[in-house]
Amino acid sequence: MTAFRVGDPADPKTAIGPMVSQKQYERVQSYIRKGIEQGAEVLAGGEGHPGGFEGGYFVKPTVFINVTNDMTIAQEEIFGPVMCVIAYDSEDDAIRIANDSKYGLHGAVLGTDLQRARRVASQIRSGRVVINSMMDDPQAPWGGFKYSGVGREYGGYGIGAFLEPKAILQ
């Protein structure tokens, strides 16, 4: 995580810019505190501003380990540079953990066996699931399942939201 450069979002070398507002900064900080209070271990990052960015709404890129799926940081959409590592015992257990949330905006599957990764990705209840990347495709729909998002953006599904179809039957 220390390789992710924090800074001015206009700088192409920057990977993580500031939060959009003080309210969002404080929200993300509260999640980091909750993770610590609930027993998760900070592997990288943590509370406060990254060095040299005390004046803005910058958050330290944070990784938690020893996270259980019942912790708040595992169950909520944080919308900040915070990652939770949750151990699993089997492929079925990993899928169960991934789907055990009221949210489902975006997921990722990492692995060297692409057929297995696709099989796992197809079982995750999320609006988008990427395999071995964090790529984007503006032709692919964007939107979540369950409590994550309403409708779809991008691609044909996104355009459809602006159309008013009319049927004339005879």
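Residues numbered from 1 in each chain as written. Predicted model: local features only at pLDDT ≥ 70, side-chain atom pairs only at ≥ 80, totals over all residues. Heavy atoms only, no water.

(A) Inspection of the overall build of the protein chain at higher detail. A count of helices and strands for the protein chain gives five helices and seven strands. Principal axes of the C-alpha set define a box for the protein chain whose edges measure 70 × 40 × 30 Å. A buried classification covers 33% of the 170 residues belonging to the protein chain. Of all intrachain contacts in the protein chain linking residues separated by at least 6 positions in sequence, the fraction that spans at least 24 positions is 42%. Put simply, the protein chain shows about 11,200 Å² of open surface, and 54% of that area lies on carbon and sulfur atoms. Separation of charge centres in the protein chain, based on 17 positive and 20 negative side chains, amounts to 4 Å. (Helix = DSSP H or I, 4+ residues; strand = E, 2+ residues; numbered from the N terminus. Buried < 20%, exposed > 50% of the residue type's maximum accessible area, 1.4 Å probe, protein only. Contact = heavy atoms within 4.5 Å. Areas by Shrake-Rupley, 256 points an atom, 1.4 Å probe, with all protein chains shown as cover. Lys, Arg positive; Asp, Glu negative; His and termini not counted. Charge placed at Lys NZ, Arg CZ, Asp CG, Glu CD.)

(B) Molecular detail of the side chain of glutamate 77. Tracing the backbone shows glutamate 77 in the loop between helix 2 (72-75) and strand 3 (82-84). In this structure glutamate 77 is buried but unpaired, with arginine 27 as the nearest side chain of opposite charge at 6.6 Å. For glutamate 77, the side chain forms a polar contact with the side chain of serine 148, separated by 2.4 Å. Those residues in contact with glutamate 77, other than ones at most four positions away along the chain, are Arg27, Tyr31, Tyr103, Leu105 and Ser148. (Salt bridge = Lys/Arg side-chain N within 4 Å of Asp/Glu carboxyl O. Polar contact = N/O pair within 3.5 Å; in protein donor to acceptor, adjacent residues only side chain to side chain.)

(C) Broad picture of the pairing of strand 6 (residues 128-131). Alternating residues of strand 6 divide into Arg128 and Val130, all buried, and Val129 and Ile131, none buried. Where strand 5 (residues 106-109) and strand 6 come together, four bridges link them in parallel fashion. Note that in strand 6 the partner of valine 109 across the bridge is isoleucine 131. With helix 4 (residues 114-123) bridging strand 5 and its parallel neighbour strand 6, the resulting β-α-β unit is right-handed. (Pairing = 2+ DSSP bridges. Right-handed = clockwise from strand over helix to strand, strands pointing away.)

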